[in-house]
Amino acid sequence: GRPNVLVSTAVDGVHIRSLKNGRLLCHMSMMDEVLHADVNGDNIIDQIKLVLPWHDKTSSDTFVWNLLRKMTRDGDGSGEQTSIERSARTVCHAMGLSGLPAREELFSASVCGSQRDRPTDFDDSFLDAVPPIVVESLNGRRDRRDVIVALNNGVVTRLQGNTGRRQWSTGLVHQKSYPTWHEEGVYNALLTRVDSGRIAPSVRPIVVAGEDGLAILSVKNGDVLASTKFPQTSVKRPIMVELSGDETSDMLVTTSTAVWGYQIVVHPGNFIVIRTIIGIVLMGLMLAILEIGSANERIDEAQMRDAW
């Protein structure tokens, strides 16, 4: 039949409104920065949330507190509060919760990688992450999903969606141009996948973009296929859009003075090239707009002088 509702997403969840009169028919609350998807094929919406080092001991999230308690080594309960506070400063886990609101824990898994994957000069108190994404299951089951987690210390991890078992973890810190972002700059970061008509959906590469650069990773094993540094710090979350007419999504990066376009070229055999294609053109357009604005200001000033 004909469409009769409008589905929209907002910071507080999903809204469904009638197309006839705009009346709100249904609302489903969702937490910001939390992934909502059915990862284990039971037709129940699951939540994937990241629990990173924190100092707010007033959290009312029962599942987080249970995780912190499991991490403590004080088995007899003495000094439990101190142990929990210590765990809160070191926790680095992804939690899978079933239901909305959550009714049970599916898994909890460390996502910080091995010690060799972590940068030695990175302060874990500034650890941050972009919202996770789901990808097709490695075992080929269509009703299951895996989860990709990317941190600002350069560690990217793939977890099995129903068990939390680590499929692979890679430390981008070993790459010369790995992307990163500050804790307050998480809204400038992006974790997504390349859309391309030239490759099968299940092998579409992963894109990680920070404030200073981007990297493209193999979804199968986490290998870095291509990476580049931005000429300037990005001030907005990058946008994936098809710009070049080759059926592959490209990236638009906004900085304080320009908009830069990066063409992602996919070749057979996981060979990928990133090209800067329109940054200079758009910078010239912006300069033209600024020149027009300045001319308008001069006209306004001349009119003011004539009025006096």
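Residues numbered from 1 in each chain as written. Predicted model: local features only at pLDDT ≥ 70, side-chain atom pairs only at ≥ 80, totals over all residues. Heavy atoms only, no water.

A short note on the layout of surface pockets
Going by this rule: For cavity detection a 1 Å grid was placed over the protein atoms alone, and a set of points counts as a cavity when a 1.4 Å probe fits there but cannot get out; an open set counts as a pocket when protein lies on both sides within 12 Å along at least five of seven lines, with lining residues being those that have an atom within 4 Å of a point. Grid points are joined across faces, edges and corners, and a volume is the space filled by probe spheres set on the points. A helix here means a DSSP run of H or I that spans at least four residues, while a strand means a run of E at least two residues long, and both kinds are numbered starting from the N terminus. Charged means Asp, Glu, Lys or Arg here, nonpolar means Ala, Val, Leu, Ile, Met, Phe, Trp, Tyr, Cys or Pro, and polar covers whatever is left, Gly included.
When its volume is computed, the second largest pocket comes out at roughly 210 Å³. Together, 13 residues line the second largest pocket, and Ala10, Met30, Met31, Val34 and His36 are the ones closest to its centre. Listing elements by their share of the lining of the second largest pocket, those giving two or more residues are strand E1 (5-10), strand E2 (13-18) and strand E4 (35-37). Taken together, the residues of the lining of the second largest pocket break down into 7 nonpolar, 3 polar and 3 charged.

A word on the pattern of salt bridges
Going by this rule: Salt bridge criterion: a side-chain nitrogen from Lys or Arg within 4 Å of a carboxyl oxygen from Asp or Glu.
Taken as a whole and judged by the stated rule, the model has 6 salt bridges. For aspartate 212, the salt bridge goes to lysine 229, with nearest N and O atoms at 3.1 Å. Pair noted here: aspartate 212 is in the loop between strand E13 (206-209) and strand E14 (213-217) and lysine 229 is in strand E15 (residues 224-229), with a separation of 17 residues, a long-range link. Salt bridges sharing partners connect three or more residues here, namely Glu136, Arg193, Asp195 and Arg204.

Observations concerning the state of the cysteines
Note the following rule: Two cysteine sulfur atoms form a disulfide, by the criterion used here, when they sit within 2.5 Å. Buried, partly exposed and exposed residues are distinguished by accessible area as a fraction of the type maximum, computed with a 1.4 Å probe on protein chains only: under 20%, between the cut-offs, and over 50%, respectively.
If you walk through the whole model with that rule in mind, you get 1 disulfide. Two residues share a disulfide in this structure: cysteine 92 and cysteine 112, whose sulfurs sit 2.0 Å from each other. Because the sign of the S-S torsion sets the handedness, a value of about 95° for the bond joining cysteine 92 and cysteine 112 places this disulfide among the right-handed ones. Of this pair, cysteine 92 sits in the loop between helix H2 (80-88) and strand E6 (93-98) while cysteine 112 sits in the loop between strand E7 (104-110) and strand E8 (133-136); the two residues are 20 residues apart in sequence, bridging distant segments of the chain. Summarising the burial analysis for this pair, cysteine 92 and cysteine 112 share the class buried.

Examining the nonpolar core
In plain terms, the rule: Among buried residues, the Ala, Val, Leu, Ile, Met, Phe, Trp, Tyr and Cys ones that are joined through side-chain atoms within 4.5 Å form a nonpolar core.
If you look at the biggest cluster of nonpolar residues, it comprises 19 residues, and the most contacted ones within it are Leu52, Cys92, Val111, Val149 and Leu151. Secondary-structure elements contributing two or more residues to this core are E4, strand E5 (46-51), E7, strand E9 (145-150) and strand E10 (155-160). Within the second largest apolar cluster, 16 residues are counted, among which are Val130, Leu191, Val208 and Leu217.

Considerations on unusual backbone geometry
For residues that are not glycine, phi is negative in most cases, and the peptide bond is trans in most cases. In the segment running from leucine 100 into proline 101, the intervening peptide bond is cis, with an omega of 5°. Relative to the assigned elements, proline 101 resides in the loop between E6 and E7. One non-glycine residue, asparagine 43, lies in the positive phi region at around 65°. Tracing the backbone shows asparagine 43 in the loop between E4 and E5. Judged by relative accessible area, which is 75%, asparagine 43 ranks as exposed. Unlike most non-glycine residues, glutamate 247 shows phi in positive territory, near 65°. Relative to the helices and strands, glutamate 247 is located in the loop between strand E16 (239-241) and strand E17 (250-254). For glutamate 247, a relative accessible area of 55% gives the class exposed.

Here's the deal with the confidence of the model for the protein chain
Operational definition: By definition, pLDDT measures how confident the predictor is in each residue, and it falls between 0 and 100. Should any heavy atoms of two residues lie within 4.5 Å, those residues are considered in contact.
For the protein chain, the mean per-residue pLDDT works out to 78, and 72% of the residues sit at or above 70. Considering only residues more than four positions removed or in separate chains, one finds that residues 278-308, a stretch of pLDDT under 50, has 16 contacts.

Looking at the environment of serine 256
Inspection of the secondary structure puts serine 256 in the loop between E17 and strand E18 (259-267). For the pair formed by serine 256 and serine 234, sequence separation is 22 residues and the distance between their alpha carbons is 7.3 Å. Leaving out residues up to four positions away in the same chain, serine 256 has contacts with Thr233 and Val235.

Quick look at the sheet that holds E10
Definition in use: Note: two strands are recorded as paired if DSSP finds a minimum of 2 bridges between them. Comment: axis = line fitted to C-alpha atoms, over the contacting stretch for helices; angle = value between 0 and 180 degrees taken between N-to-C directions.
Reading across from one edge, E8-E9-E10-E11 is the order of the 4 strands in this open sheet, with antiparallel pairing throughout. Two strands close off the open sheet at either side, each with one partner strand: E8 and strand E11 (166-171). Averaged over neighbouring strand pairs, the angle between their axes works out to 20° when direction is ignored. Bridging between E8 and E9 involves 4 bridges; their strand directions are antiparallel. Note on E9: the bridge partner recorded for isoleucine 133 is isoleucine 148.

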